[in-house]
Amino acid sequence: MTALPFTPDLSVKPDVTAFFDPATNTISYVVKDPSSPACAIYDSVMDFDYASGHISYEHADAMIAHIRERGLKLEWLIETHVHADHLSAAPYIQAKLGGKLGIGENIRTVQDTFGKVFNEGTEFQRDGSQFDRLFKDGDSYQIGAMTVYAMHTPGHTPACMTHVVGDAAFVGDTLFMPDGGSARADFPGGDARTLYRSIQRVLSLPGAMRLFMCHDYGPNGRDIQWETTVADEIAHNIHVGRGTDEDTFVQMREARDATLAMPKLIIPSLQVNMRAGQLPPKDEDGKTFLKVPVNGL
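Just so it is clear, the structure is predicted and the values come from calculations on it, not from any experiment.

The rules behind these values
Residues numbered from 1 in each chain as written. Predicted model: local features only at pLDDT ≥ 70, side-chain atom pairs only at ≥ 80, totals over all residues. Heavy atoms only, no water. Helix = DSSP H or I, 4+ residues; strand = E, 2+ residues; numbered from the N terminus. Buried < 20%, exposed > 50% of the residue type's maximum accessible area, 1.4 Å probe, protein only. Contact = heavy atoms within 4.5 Å. Axes fitted to C-alpha atoms, helices over the stretch in contact; angles between N-to-C directions. Parallel < 35°, antiparallel > 145°, perpendicular 65-115°, else oblique. Left-handed = near helix turned anticlockwise from the far one by under 90°. Polar contact = N/O pair within 3.5 Å; in protein donor to acceptor, adjacent residues only side chain to side chain.

1. A word on the environment of Trp226
Mapped onto the elements, Trp226 comes out in the loop between strand E13 (210–212) and strand E14 (227–229). Judged by its relative accessible area of 28%, Trp226 is partly exposed. Contacts of Trp226, omitting those with residues within four sequence positions, involve Ala18, Phe20, Ile27, Tyr29, Met177, Leu211, Phe212 and Met213.

Encoded structure:
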């Protein structure tokens, strides 16, 4: 397991406000520096009705209102990875509040893979230039006086990053709540063994570290939850807790993934999110279309 490229500082305690989207079971976060008005947004959601092709921004507008009402300054819009189950609202929010868009540098790998799946042609840039910042493992950035560290945690996708700020870590889809287990690893570029090693890296953070999930599905009918700790995951996670070894995890994860259907919004999500939340270019009549690759996934 690769060592942590930074030393966590649990004395820094960011203010975290969660926004749950029931349509996609996504949790987005506004993360504020306690000592200043500076904040960041992690994993925003654009509302999308697939049946009608209609987009709207109720979820994003709620975060925008939260930021404006409190007089906050948005410095970053972060994507923990290229989501396959919801569409990002980052460009919409950026146009209203400013801030820089950031994602892991392996977005280039994801763009190359899905640029081919969706037959995007040479006009689609596969260099990550749609984003303002591409993070490498160990990179840091500021939210006001707080330093945030980006930690590469692939396996679910090649570009997955965990963002650690003070006593809080935003893990994307790498981990779920202890009774939810772990993310699937069967998308193109995913790998169960790599995911296990990334999870162990997250679990090497201090036990008191707060972990914030990107998704929760309320297993066994419980209320939706999104915050746990490293210690709780080590003790109770149904997939990797209690000392589960790598081979056991890989066997379980691959068998489980073979039974899972594709996420309902994977086709529009990938086309939009690999473009940093932008819709595909309009045609000569000013209309926007999304492609459906037949037998492509």
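On we go from here.
2. Side note on the packing of helix H1 (residues 58–69) against helix H2 (residues 90–97)
Put simply, H1 and H2 touch, their axes get as near as 10 Å, and they point 30° apart. Between H1 and H2, the interaxial angle falls into the category roughly parallel. Helix-helix and strand crossings are classified by hand; for H1 and H2 the assignment is right-handed. Judged by residue contacts, Ala60, Asp61, Met63, Ile64, Ile67 and Arg68 of H1 engage Tyr92, Ile93, Lys96 and Leu97 from H2.

3. Quick look at the side chain of Gln271
Relative to the assigned elements, Gln271 resides in helix H7 (residues 266–273). Take Gln271: its relative accessible area is 1%, and that puts it in the buried class. Of the polar contacts made by the side chain of Gln271, one reaches the backbone oxygen of Ile267; its length is 3.0 Å. Not counting residues within four places of it along the chain, the set of residues in contact with Gln271 comprises Phe118, Glu120, Gln278, Leu290 and Lys291.

Geometric values such as these leave the question of function open.
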